Amino acid sequence: MGEISVFGAILRHVEERPHADAVIFKGDGETRIGYLDLHLAAREVASWLQTVCKPGDRVLLCYPTGIEYVRSFLACLYADVVPVPLPLPSHAEHHLSTQTGIALDADAHLVLTDTAHADAIHAWLNHDDLGTYACVATDGVVYEDPADWVEPLRSGDDPALLHYTSGLAGEPVGIPLSHTNLLHNVESLIEACDLRPGVRTGGWLPLHHGLGLFTLLLAPLLSGGTAVLVPPHTFCADPVAWLRLLDDYRVEVSAAPGFGFDECLREITHEQCATLDLSRLRHLLVLEMTGLPSIEPDNLVELAHRLRHAGLRSEALRTAFCLPEATMIASVGSAGQVLRAPRFDTRALDKSLMLPGTDGPRLAGLGEPGDQDLLIVDPFTGVPVTEGTVGEIWVRGPHVAAGYWHEDRLSAERFDQITATGEKGFVRSGTLGATVDGELYVAGASRDLILHRGRPLHLGRVERSLLDLGSIVACTAFPALDTPEEIIVVAQPDGADEGGLVRAVRARLALRFGLQRVGVVLVRPGQFPAAPDGGVNRQLVRELLRANALDVLDGDVPSGLDPPATAPGFPRPGSR
């Protein structure tokens with residue numbers, strides 16, 4: 001790309017393609033804006049921002065998807081301030097909301113929104129005692145002469161964006177992303193998806209989330225293409241509206257997490273397929289990220305088969321592994337290949353090995369790393385593992401952030417890691433995976449892996465094996481305190497015989513995992529707090545059990561609990 005800042009990359013397209021569509025927004029109607037008009041509109045806001053902010057100030061963006069969001073996001077970059085995208089406050093959220101946590105952590109200077117949502121933003125700020133934050137509706141301001149705007153002088157290492165993502169316990173964690181991070185990530189997408197001036201990229205992902213911001217907005221804008229956007233609620237109400245958008249606007253590149261494709265498969269009819277023309281769609285990225293539901297390969301294969309009648313080529317479906325600490329896109333499946341989704345052996349997976357099998361899960365391949373910027377590493381020793389062995393995915397490169405915002409301890413545990421063989425500069429993904437025949441496969445979250453009696457034990461697989469019994473509604477597992485070789489299972493039965501269920505749990509874990517000491521605690525319904533990914537919050541259940549705060553039906557309740565030696569603690573292998 002040859003630019004050192006996001007501003008410089010956009011300005012080049014303003015000069016070369018001033019009247020080409022930069023953004024098309026399909027809401028109740030259609031709104032378009034070209035590169036020059038978008039540049040002038042952003043410069044208006046930027047000239048005002050430079051009068052009320054200092055360089056480097058954080059500015060919260062609370063907008064729905066739309067052109068006003070894009071305008072204000074670019075204005076922050078033009079004004080040399082750091083945008084902090086936020087979801088709009090919801091009445092359903094607790095008063096100690098995610099937005100409030102982010103606002104306080106970011107130490108933001110002001111909040112930008114639009115006129116339609118200004119009252120709701122003011123209500124949120126007042127409700128959560130954030131009344132000192134100035135809130136401005138950018139579409140309601142009469143701006144002075146934008147000629148007063150001063151063009152920013154930026155370097156590649158300067159922060160371009162403060163992006164928040166869910167931490168290991170679900171709390172928001174800020175990731176300052178530099179101009180170099182963003183530009184390198186877009187360059188990777190340009191190469192992977194042949195993005196170029198005039199190419200339309202479109203979809204429904206929210207722009208406050210990194211998946212939407214990077215793949216659906218920044219990628220087309222920084223490559224001279226067109227971002228075609230539809231509100232997320234449109235997709236929620238009618239998933240097929242996404243496919244109609246791709247057809248109506250001749251979109252060539254789109255992206256969504258696996259559950260978006262699942263929803264399309266659930267809703268689309270053969271009659272609707274016959275009305276669509278998706279033959280122009282060259283790259284349809286299926287995004288895999290810890291914290292989101294995993295890709296379901298069977299659903300992708302079935303959807304691709306159904307959409308053949310709409311002209312979709314099966315090789316257009318391409319998977320990608322996403323990591324917020326690496327500006328989202330860390331690995332993309334090879335172009336021109338049909339989705340790889342082999343089935344693996346269940347018993348081998350229980351032993352952290354990926355071997356071909358007939359009874360285990362099908363997993364979607366997520367591309368070939370191709371170089372040493374992505375390694376699979378033993379999370380306890382830091383030694384890179386051999387192909388087919390499950391370990392933690394470590395990533396390095398110009399797209400990797402320098403660390404977390406105001407989280408020095410966590411940054412030291414995750415960033416700038418060194419393998420036991422001396423390779424430097426990696427970020428630990430917190431995701432387990434393996435390479436098989438050169439292809440990357442994801443096997444779960446590192447927080448699910450503990451070292452039990454000298455060997456890895458995947459607690460997530462333990463829990464799933466118990467759910468397969470069919471008589472357990474929900475469960476979680478963790479080591480005990482006084483006897484760490486003992487595993488404690490907390491489970492909610494579906495009404496089955498309690499004594500028989502306890503015996504069945506112990507028999508299953510002895511057979512599958514060789515666990516001989518298992519404590520089983522059965523609880524009444526409603527005892528399991530949810531984790532951010534929709535599963536059971538293992539750590540919180542553990543604390544509730546320790547405090548005798550669970551409504552227990554039956555079982556041998558331990559006297560205490562001991563924190564396991566787990567990957568979530570991010571033991572630091574090797575020397576620093």
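A. View of the overall build of the chain. Along the backbone of the chain there are 17 helices and 24 strands. Relative to the compact-globule value of 25 Å for 576 residues, the chain shows a C-alpha radius of gyration of 25 Å, a close match. Taking the principal axes of the C-alpha coordinates as reference, the chain spans close to 75 × 55 × 50 Å. Counting the 576 residues in the chain, one finds 55% classified as buried. Accessible surface, the chain: about 22900 Å² in total, of which carbon and sulfur atoms supply 50%. Counting 46 positive and 75 negative side-chain charges, the chain places the averaged centre of each group 6 Å from the other.

B. Looking closely at the sheet that holds strand S3 (residues 58–62). Strand order in this open sheet of 4 strands is S4-S3-S5-S6, and the pairing throughout is parallel. The open sheet has two edge strands, strand S4 (82–86) and strand S6 (134–137), and neither has a second partner. Each strand axis lies, on average, 30 degrees off the axis of its neighbour in the sheet, ignoring direction. By the bridge criterion, 3 bridges tie S3 to strand S5 (residues 110–113) in an arrangement that is parallel. In the strand pairing of S5, Leu-60 is matched with Val-111.

C. Spotlight on the nonpolar core. Among the nonpolar cores identified, the biggest contains 123 residues, and Val-23, Val-70, Leu-74 and Trp-242 are the most heavily contacted of them. Dropping the residues within four chain positions of it, Leu-74 is found in contact with Ile-10, Leu-38, Ala-42 and Leu-221. Counting residues in hydrophobic clusters, the runner-up holds 20 residues, among them Ile-450, Leu-457, Cys-475 and Leu-501.

D. Quick look at the pairing of S6. Pairing analysis gives 4 bridges linking S5 to S6, with the strands arranged parallel. Bridge assignment links Val-111 to a residue of S6, and that residue is Cys-135. Between the parallel elements S5 and S6, the chain passes through helix H5 (residues 118–127) in a crossover that is right-handed.

E. Here's a closer look at helix H7 (residues 210–222). Under the 1.5 Å per step criterion, the end-to-end length of H7 is only 16 Å for 13 residues, more than 12% shorter than the ideal 18 Å. Downstream of H7 by a residue or two, Gly-224 has a phi angle that is positive, lying close to 80 degrees.

F. Representation of unusual backbone geometry within the structure. Phi at Met-328 is positive, roughly 85 degrees, even though this residue is not glycine. In this structure Met-328 comes out as buried when scored by relative accessible area, which is 0%. The phi dihedral of His-406 falls on the positive side, at around 60 degrees, and the residue is not glycine. With respect to the helices, strands and loops of the structure, His-406 is situated in the loop between strand S16 (391–395) and helix H14 (408–414).

G. Looking closely at the packing of aromatic side chains. Here the structure, examined in full by the defined rule, presents 13 aromatic pairs. Each ring, one from Trp-204 and one from Trp-242, has its centre 6.3 Å from the other, and the planes form 80 degrees; the classification is edge-to-face. Residue Trp-204 is found in the loop between strand S9 (200–203) and H7, and its partner Trp-242 is found in helix H9 (residues 240–248); the two are separated by 38 residues along the sequence. By relative accessible area, Trp-204 is classed as buried at 4%. Between Trp-394 and Phe-426 the ring centres are 6.2 Å apart and the planes differ by 50 degrees, which places this aromatic pair in the tilted class. Of this pair, Trp-394 sits in strand S16 while Phe-426 sits in the loop between H14 and strand S17 (427–436), placing them 32 residues apart in sequence.

H. How the structure looks around the sheet that holds S16. Taken in spatial order, the 4 strands line up as S15-S16-S17-S18 in an open sheet, and their pairing is antiparallel. Each end of this open sheet is capped by a strand with a single partner; those strands are strand S15 (374–377) and strand S18 (439–445). Direction aside, neighbouring strands of the sheet carry axes that sit 50 degrees apart on average. As paired strands, S15 and S16 are joined by 4 bridges and run antiparallel to one another. In the sheet register, Ile-376 faces S16, and the bridge partner there is Ile-393.

I. How the structure looks around the packing of helix H15 (residues 459–467) against helix H16 (residues 498–513). At a minimum axis distance of 10 Å, the contact between H15 and H16 shows a crossing angle of 130 degrees. Taken together, H15 and H16 sit at an angle that is classed as oblique. Where H15 crosses over H16, the two elements pack in a sense that is right-handed. Facing H15, whose interface residues are Arg-461, Val-462, Ser-465 and Leu-466, H16 presents Val-505, Arg-508, Leu-509, Arg-512 and Phe-513. Here the residues of the contact of H15 with H16 are counted per class, giving 5 nonpolar, 1 polar and 3 charged.

J. View of a positive patch on the surface. Taken together, the side chains of Arg-347, Lys-351, Arg-453 and Arg-455 define a basic patch exposed on the protein surface. If you trace the backbone, Arg-347 turns up in helix H13 (residues 346–350).

K. Representation of the pattern of salt bridges. Counted by the stated rule, this structure contains 30 salt bridges. Arg-266 is the partner of Glu-263 in a salt bridge, and the nearest nitrogen-oxygen pair spans 2.5 Å. Of the two residues, Glu-263 and Arg-266 both sit in helix H10 (residues 258–267), 3 residues apart, roughly one turn of that helix. For Glu-368, the salt bridge goes to Arg-340, with nearest N and O atoms at 3.4 Å. Placement of the pair is Glu-368 in the loop between H13 and S15 and Arg-340 in the loop between strand S14 (328–332) and H13, with a sequence separation of 28 residues. By relative accessible area, which is 38% here, Glu-368 ends up partly exposed. Among the residues examined, Arg-340 registers a relative accessible area of 28% and is labelled partly exposed. The network of salt bridges with common partners includes Asp-21, Glu-30, Arg-32 and Arg-200.

L. Structural detail: H5. All of the buried residues along H5 are Ala-118, Ile-121, Trp-124 and Leu-125. Within H5, the buried residues cover an arc of 125 degrees as seen down the axis, which keeps them to one side. In H5, the exposed residues that point more than 90 degrees away from the buried face are Asp-119, Asn-126 and His-127. Lining the buried residues of H5 we find S3, S4, helix H4 (98–106), S5 and S6. The positive-phi residue at the C-terminal boundary of H5 is Asp-129, with phi of around 55 degrees.

Calculation criteria
Residues numbered from 1 in each chain as written. Predicted model: local features only at pLDDT ≥ 70, side-chain atom pairs only at ≥ 80, totals over all residues. Heavy atoms only, no water. Helix = DSSP H or I, 4+ residues; strand = E, 2+ residues; numbered from the N terminus. Rg over C-alpha atoms; globule rule 2.2 N^0.38 Å. Buried < 20%, exposed > 50% of the residue type's maximum accessible area, 1.4 Å probe, protein only. Areas by Shrake-Rupley, 256 points an atom, 1.4 Å probe, with all protein chains shown as cover. Lys, Arg positive; Asp, Glu negative; His and termini not counted. Charge placed at Lys NZ, Arg CZ, Asp CG, Glu CD. Pairing = 2+ DSSP bridges. Axes fitted to C-alpha atoms, helices over the stretch in contact; angles between N-to-C directions. Core = buried A, V, L, I, M, F, W, Y, C linked by side-chain atoms within 4.5 Å. Contact = heavy atoms within 4.5 Å. Right-handed = clockwise from strand over helix to strand, strands pointing away. Expected span 1.5 Å × (residues − 1). Phe/Tyr/Trp six-rings, centres within 6.5 Å; stacked < 30°, edge-to-face > 60°. Parallel < 35°, antiparallel > 145°, perpendicular 65-115°, else oblique. Left-handed = near helix turned anticlockwise from the far one by under 90°. Nonpolar A, V, L, I, M, F, W, Y, C, P; charged D, E, K, R; others polar. Patch = residues over 30% accessible without salt bridge, like charges linked within 9 Å, V, L, I, M, F, W, Y side chains within 5 Å. Salt bridge = Lys/Arg side-chain N within 4 Å of Asp/Glu carboxyl O. Arc of directions from axis to C-beta.

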